[in-house]
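Architecture and fold: a report
Here is how the chains run, residue by residue.
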Amino acid sequence: MTIDTVKHAEATPDHEQPWAELGLKEDEYQRIRDILGRRPTSSELAMYSVMWSEHCSYKSSKVHLRRFGEVQESAGIGAERRAGARPDNSQETAAGKLLAGIGENAGVVDVGHGYAVTFKVESHNHPSYVEPYQGAATGVGGIVRDILAMGARPIAVMDPLRFGPLEAADTARVLPGVVAGIGGYGNCLGLPNIGGEVVFDASYAGNPLVNALCVGVMKHEDLHLAHASGIGNLVLLYGAKTGGDGIGGVSVLASETFDEEGPMKRPSVQVGDPFMEKLLIECTLEMFADGLVVGIQDLGGAGLSCATSELASAGEGGMHVVLDDVPLRDSTLSPEEILMSESQERMMAVVTPDDIDRVLEICRKWDVDATVVGEVNDSGRLTIEWRGEQVVDVPPRTVAHEGPVYERPYARPSWQDALQAAGPQELPRPSTGDEFRTTLLLLAGSPNLASKAWVTDQYDRYVLGNTVLAQPEDSGVVRIDEASGLGVAMATDANGRYTKLDPYAGAQLALAEAYRNVAMVGAQPLAVSDCLNFGSPEDPDVMWQFAEAVRGLADACRALETPVTGGNVSFYNQTGDKAILPTPVVGVLGVIEDVSRRTPSGFRTPGQAIYLLGETRDEFGGSEWAHVVHGHLGGRPPAVDLDAEKVLADLVVQASHEGMIGAAHDLSDGGLAQALVESCLRYGAGARIRIPEGVDPFVFLFSESQARAIVAVPESEEERFADICAARGLPYQRIGVVDDGGDGAPTLDVEGIFSVPLDELREAHERTLPARFEA
Amino acid sequence: MSKGPPDVRIGVVTFPGSLDDRDAARAVRIAGGEPVALWHGDSDLYQVDAVVLPGGFSYGDYLRCGAIARFAPVMEPLIDAARGGLPVLGICNGFQILCESHLLPGALIRNDHRKFVCRDQQLRVENTTTAWTSGYQADQEIVIPLKNGEGGYVADERTLDELEGDGRVVFRYLEDNPNGSYRDIAGITNARGNVVGLMPHPEHAVDTVTGPTTDGLAVFSSCLNAAVEGVRA
């Protein structure tokens, strides 16, 4: 058995190395040789190959993502921002200041009262297709550790999910597994799942999107960044033992150095242990509380390679690690495999020698294994030894931060014009009362608009006792301070069809919808995290979609004063050469001063007037109606009007805070009709709706014009409410009343056109998923 | 709502993997008691007046739910004290631990539909003489959250008949049985009425901001009264 040491590498410059099998390009391999002034050892090659991968280095997206940094500079860091309906006598600093942004594990936003919130959304798409349960489970685990590594207590998760067609055979394999995995991990970990999305489209068959979001909270002073500072400080690895899971491609190196006794084929998808993660959380938070942590980093993708190189390059000195001290689950692992292993539930902390005993004691209390594996030094290098010999000696920044950057070619696809030209104008529209009724029921039960309770009932939304609103509400709301009632709201949205029709506008519409959803519950939107799911960056069409989406999102973030605090890019989401719908998932975080004033989405009180806010136009490009009824995708998505979004959001936040509204629900997919269905079914209260004179009922009911909402207003507040709408220049129409049906059964009644008993509506809306998955 | 005397101390045990321990402590506080954190590895109850075993996944529930927690050091004095009349409440995983400890008969198995279920559950309180239910009216119908993967209550016919005959079924599911529990049983008590276990979560229904109702609060306020009477007796 040969160990490829640094010395050996120096002595054998011509040794052939499998850089191509590890996914490196020839010039990338040459660059590594130039950096090191010799060929890399196989351990170094392993580290560079994984850290320079698309997934870790963002090499194709970096040049575009800079736009988000510019938004931060113009609107974010240092800028104090208003927090909506904050009382004038508030003595706290205004919320909205970014305390940490892009470049850290997750962005951190000041929400006032000395609290900061950190949140991030990440993809776990490919593993979840291969092994739905574990892929989705470890996706939750990974994002939770990201949040923990910022010094925050994780307080909630949510999962934007996208699958192939509901009726497709493979969806019955992937969806239940993914949902069970998210539930199995999150429920056992004890984090409430407060929202997310479940969307079906043929383009996701063979490439489901499993995105996971986590929110955490901390006091300002507890912010922990990934630093390895302080010469002589100790590097502590704690949590699960390191095994052979997730090492994937590196086996090619192992087979090179260990020809016979090497470990056999291993699963490339990691296996999660939520119980260990729960212990890891409690243990880490106790270390934070006692002020024992100098720097911290989670171990996720690229495992120790990532953690050691990131920690070392963020500090001022260097780091030496003894790989033999890493506790192993499998003693046959090679140094390359140990460096690459993606075993879950591990963290790395930098601790002073004075504090190490106390830290180890906390680990023991929580039954968490902890081992000192290295030390911070002043060498400026990351050095790693194995069996007494140096196997890695690199400048850490070259591994972690100075990977290749590509300006991938991109061009507007040749088919884009034709797609936009083929609008929905010619599609036959319903025109009679019966046809409207049928269309409403068909849409309410269609896969994308049907109730997702079958999914979300498998998630614990109550644990930790602070969940104020959860699915199917417009956004999840979690209380973060019991004394003051301070809370945060979170929503994620994306519309792949809109984005396909116009990536620039589509990304903006995703932000607009999430922003609107946060405002609906009465929270002031503050900041954005995104998960940009696209096809191959090597396809100029896809790269154009990506560049346009980023440009659109950055522009919209600037307009809405909601900076992108961080996020994730997932490329290569395609089957063969067919890419998924471009899917920029946008998560918006908001703050609500007093959660007891939150506004729910459902009608509850008979007699409250229903107002439609915003302007309705004939907009059906990319609509749910065109998709469900005609299988049509073409034309332009609904117009973006960010000024109108802002006016609407500000008004609803104010009305909610001042107790003027009993319910608020945003209008999006399926238009007004679907919003009414959902608001009626939430608490089983009916509604009587009158379509205004001279208005086309089809457009009124089903258009997907943006910047719109419905609200329920008590009679006593109607005058005041109308006044503030008028004062802010927000179009408003009184379109009906909440009606419990008196002695009869409650119905959704569109006067003179059609009427549907809620029981029938509920059957249509709630049966779809159970009928598919309980069969 | 009834506030108990402030000096009633109710212990809440944290096992590795306990999740609803903070929530249970909060519920005790809202009911007017003083929550006392108890640690699984500590074989001392610190003279608390009652104990709550909270929900969660103790030790990951990788073995039978509650099967490992039942052997925690804290359980030794707890089992003795419970046999001596100390009010003990087991919620969800806590109920499973009480069954594994044989303080309550029967067992909890995987839900009949094989999925985790989280929903607001309607229940009937059928025994209002226990230490944890005296604050309810007879046959009161309540709604509190339920969330479990292994909440199907099972026991042999004789045990079930005995439980029914002695009025020891404390909570019963109304409308849909959420997990296949025999005879719709949601919660039971021991013969003495001081030990109660239930699958649904009363600690998640103690204020209207975070819970669907405040129907769970009476569980904790009942105990405050029971503890006071216990001291007087």
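Residue numbers here run from 1 along each chain, matching the order of that chain's written sequence. Key to labels: chains lettered from A, ligands numbered from 1, both in the order written. At least 70 in pLDDT is required for a residue's local features to be given in this predicted model, at least 80 for side-chain atom pairs to be given and counted, and no such filter applies to totals for whole chains, interfaces and linings, which use all residues.

Side note on the overall build of chain A
Where helices and strands are cited, they refer to DSSP runs of H or I of at least four residues and of E of at least two residues respectively, numbered from the N terminus. What chain A contains, in helices and strands, is 27 helices and 28 strands. Taken over the C-alpha trace, chain A has a radius of gyration of 27 Å; the compact-globule value for 775 residues is 28 Å, and the two agree within 12%. In terms of its C-alpha atoms, chain A occupies a principal-axis envelope of roughly 90 × 55 × 50 Å. Within the span of chain A, comprising 775 residues, buried residues form 61% of the whole. Contacts here follow a simple rule: the backbone-placed C-beta atoms of the two residues must lie within 7 Å. Here the analysis covers contacts within chain A between residues at least 6 apart in sequence; of these, 84% occur between residues at least 24 apart. C-alpha atoms define the radius of gyration, and 2.2 Å times the number of residues to the power 0.38 defines the globule rule. We call a residue exposed when 12 or fewer other C-beta atoms sit within 10 Å of its C-beta, buried when the count reaches 20 or more, and partly exposed for counts in between; the C-beta positions come from the backbone.

Considerations on the overall build of chain B
A count of helical and extended segments in chain B gives five helices and 11 strands. Here the C-alpha radius of gyration of chain B, 16 Å, is about what a compact globule of 233 residues would show, namely 17 Å. Seen through its principal axes, chain B has C-alpha atoms that stretch 45 × 35 × 35 Å. Long-range pairs, those at least 24 residues apart, make up 77% of the contacts in chain B between residues at least 6 apart in sequence.

Remarks on the pairing of strand 2 (residues 107-112) of chain A
Along a regular strand, successive side chains alternate from one face of the sheet to the other. Residues and elements named next belong to chain A. Here strand 2 lies mainly inside the structure; six of its six residues are buried. A pair of strands is labelled paired if DSSP reports no fewer than 2 bridges between them. Strand direction decides the pairing type here: strand 2 and strand 3 (residues 115-123), joined by five bridges, are antiparallel. Looking across to strand 3, one finds that Val109 is bridged to Val117. A loop of two residues connects strand 2 with strand 3, the two strands running antiparallel in sequence, and His113 in this loop sits at a positive phi of about 55 degrees.

A look at the interface of chain A and chain B
The interface is formed by 25 residues belonging to chain A together with 23 residues belonging to chain B. If you list the elements that add at least two residues to the side of chain A that touches chain B, you get helix 8 (171-189), helix 10 (274-289) and strand 14 (467-469) of chain A. If one sorts the elements of the side of chain A that touches chain B by residue count, helix 10 of chain A sits on top with four residues.

Points about helix 11 (residues 303-314) of chain A
Spacing of three or four residues puts side chains on the same side of an α-helix, whose turn is 3.6 residues. Residue and element names in this part refer to chain A. The terminal C-alpha atoms of helix 11, which comprises 12 residues, lie 17 Å apart, in line with the 16 Å expected from a rise of 1.5 Å per residue. Extensive coverage of helix 11 is indicated by the burial of 12 of its 12 residues. All of the buried residues in helix 11 are Gly303, Leu304, Ser305, Cys306, Ala307, Thr308, Ser309, Glu310, Leu311, Ala312, Ser313 and Ala314. Residue count minus one, scaled by 1.5 Å, sets the expected span of a helix.

Details of the sheet that holds strand 7 (residues 141-148) of chain B
All names here are of chain B. Judged by pairing direction, the sheet is mixed, and its nine strands sit side by side in the order 2-1-3-4-11-10-9-6-7 without closing on themselves. Only two strands of the sheet have a single partner each, and these edge strands are strand 2 (34-39) and strand 7. Each strand axis lies, on average, 25 degrees off the axis of its neighbour in the sheet, ignoring direction. Relative to strand 3 (residues 50-53), strand 1 (residues 9-14) runs parallel, the two being bridged by three bridges. If you follow Gly11 over to strand 3, its bridge partner there is Val51. Across the sheet, helix 1 (residues 21-31) is in contact with strand 1, strand 2, strand 3 and strand 4 (88-91); its angle to strand 1 comes to roughly 175 degrees. Geometry is summarised by axes, namely lines fitted to C-alpha atoms with helices restricted to the contacting stretch, and by angles between N-to-C directions that run from 0 to 180 degrees.

Some details on the packing of helix 22 (residues 642-657) of chain A against helix 25 (residues 718-728) of chain A
Residue and element names in this part refer to chain A. Between helix 22 and helix 25, the shortest axis-to-axis distance is 11 Å and the interhelical angle comes to 155 degrees. As summarised for this structure, helix 22 and helix 25 are arranged roughly antiparallel, according to the angle between their axes. With respect to the hand of their crossing, helix 22 and helix 25 are arranged in right-handed fashion. Only Phe721, Ile724, Cys725 and Arg728 of helix 25 make contact with helix 22, whose side of the interface consists of Val647, Leu651, Gln654 and Ala655. Tallied by class, residues from the contact of helix 22 with helix 25 come to six nonpolar, one polar and one charged. An angle below 35 degrees is treated as roughly parallel, one above 145 as roughly antiparallel, one from 65 to 115 as roughly perpendicular, and anything else as oblique. Throughout, a crossing is termed right-handed when the near helix is turned clockwise from the far one, and left-handed when it is turned anticlockwise from it by less than a right angle. In this classification, Asp, Glu, Lys and Arg are treated as charged, Ala, Val, Leu, Ile, Met, Phe, Trp, Tyr, Cys and Pro as nonpolar, and every other residue, Gly included, as polar.

Things to note about the sheet that holds strand 14 of chain A
Residues and elements named next belong to chain A. Taken together, the six strands give an open sheet; going across it, the order is 14-15-16-21-17-18, and neighbouring strands pair in mixed fashion. Since the sheet does not close on itself, it has two edges, and those belong to strand 14 and strand 18 (564-570), each with one partner. With direction set aside, neighbouring strand axes in the sheet form an average angle of 20 degrees. Examined bridge by bridge, strand 16 (residues 487-493) and strand 21 (residues 583-592) share seven bridges and lie antiparallel to one another. Within the sheet, the bridge partner assigned to Ala489 lies in strand 21 and is Gly590. Across the sheet, helix 19 (residues 503-520) is in contact with strand 16, strand 17 (524-533) and strand 21; its angle to strand 21 comes to roughly 25 degrees.

Notes on helix 26 (residues 758-766) of chain A
Residue and element names in this part refer to chain A. Three or more residues of helix 26 are buried, namely Leu758, Leu761, Ala764 and His765. Axial view of helix 26: buried residues confined to an arc of 125 degrees, hence all on one face. Looking at the packing, one finds that the buried side of helix 26 touches helix 16 (433-444), helix 23 (671-683), strand 24 (686-689), strand 27 (747-750) and strand 28 (754-757). What the arc describes is the spread of directions from the helix axis to the C-beta atoms.

Thoughts on unusual backbone geometry
Put simply, A:Gln471 and A:Pro472 share a cis peptide bond, and its omega is 5 degrees. Inspection of the secondary structure puts A:Pro472 in the loop between strand 14 and strand 15 (476-479). The phi angle at A:Ala707 is positive, at roughly 55 degrees, despite the residue not being glycine. Notably, B:Asp61 is not glycine yet its phi reads approximately 50 degrees, a positive angle.

Observations regarding the environment of A:Leu328
Residues and elements named next belong to chain A. With respect to the secondary-structure elements, Leu328 resides in the loop between strand 9 (318-322) and helix 12 (335-340). Judged by the 17 C-beta atoms lying within 10 Å of it, Leu328 falls in the partly exposed class. Note: C-alpha distance between Leu328 and Cys56 (272 residues apart in sequence) is 24 Å. Leaving out residues up to four positions away in the same chain, Leu328 has contacts with Lys241, Thr242 and Leu333.

Notes on the confidence of the model for chain B
Residue-level confidence of the predictor is summarised by pLDDT, bounded by 0 at the bottom and 100 at the top. Residues at a pLDDT of 70 or more form 96% of chain B, whose mean pLDDT is 94. On the interface metric, ipTM, the complex scores 0.95, and its pTM is 0.94.

A few points about the packing of helix 3 (residues 42-51) of chain A against helix 11 of chain A
Residues and elements named next belong to chain A. Between helix 3 and helix 11, whose axes approach to 9 Å, the crossing angle comes to 85 degrees. Taken together, helix 3 and helix 11 sit at an angle that is classed as roughly perpendicular. Side by side, helix 3 and helix 11 meet where Ala46, Met47, Val50 and Met51 of the first sit next to Ser305, Cys306 and Ser309 of the second. The class makeup of the residues in the contact of helix 3 with helix 11 is five nonpolar, two polar and no charged.

Observations concerning the confidence of the model for chain A
Residue and element names in this part refer to chain A. For chain A, per-residue confidence averages 91 on the pLDDT scale, and residues scoring 70 or more make up 93% of the total. Predicted confidence is poor over residues 76-94, with pLDDT under 50, and the contacts of this stretch with residues over four places away or in other chains come to 34 contacts. Of the regions scoring below 50 in pLDDT, residues 254-265 engages in 20 contacts with residues more than four places distant in sequence or in other chains.

Quick look at the environment of B:Leu146
Topologically, B:Leu146 is positioned in strand 7. Along the chain, B:Leu146 and B:Asp120 lie 26 residues apart, while their C-alpha atoms are 6.0 Å from each other.

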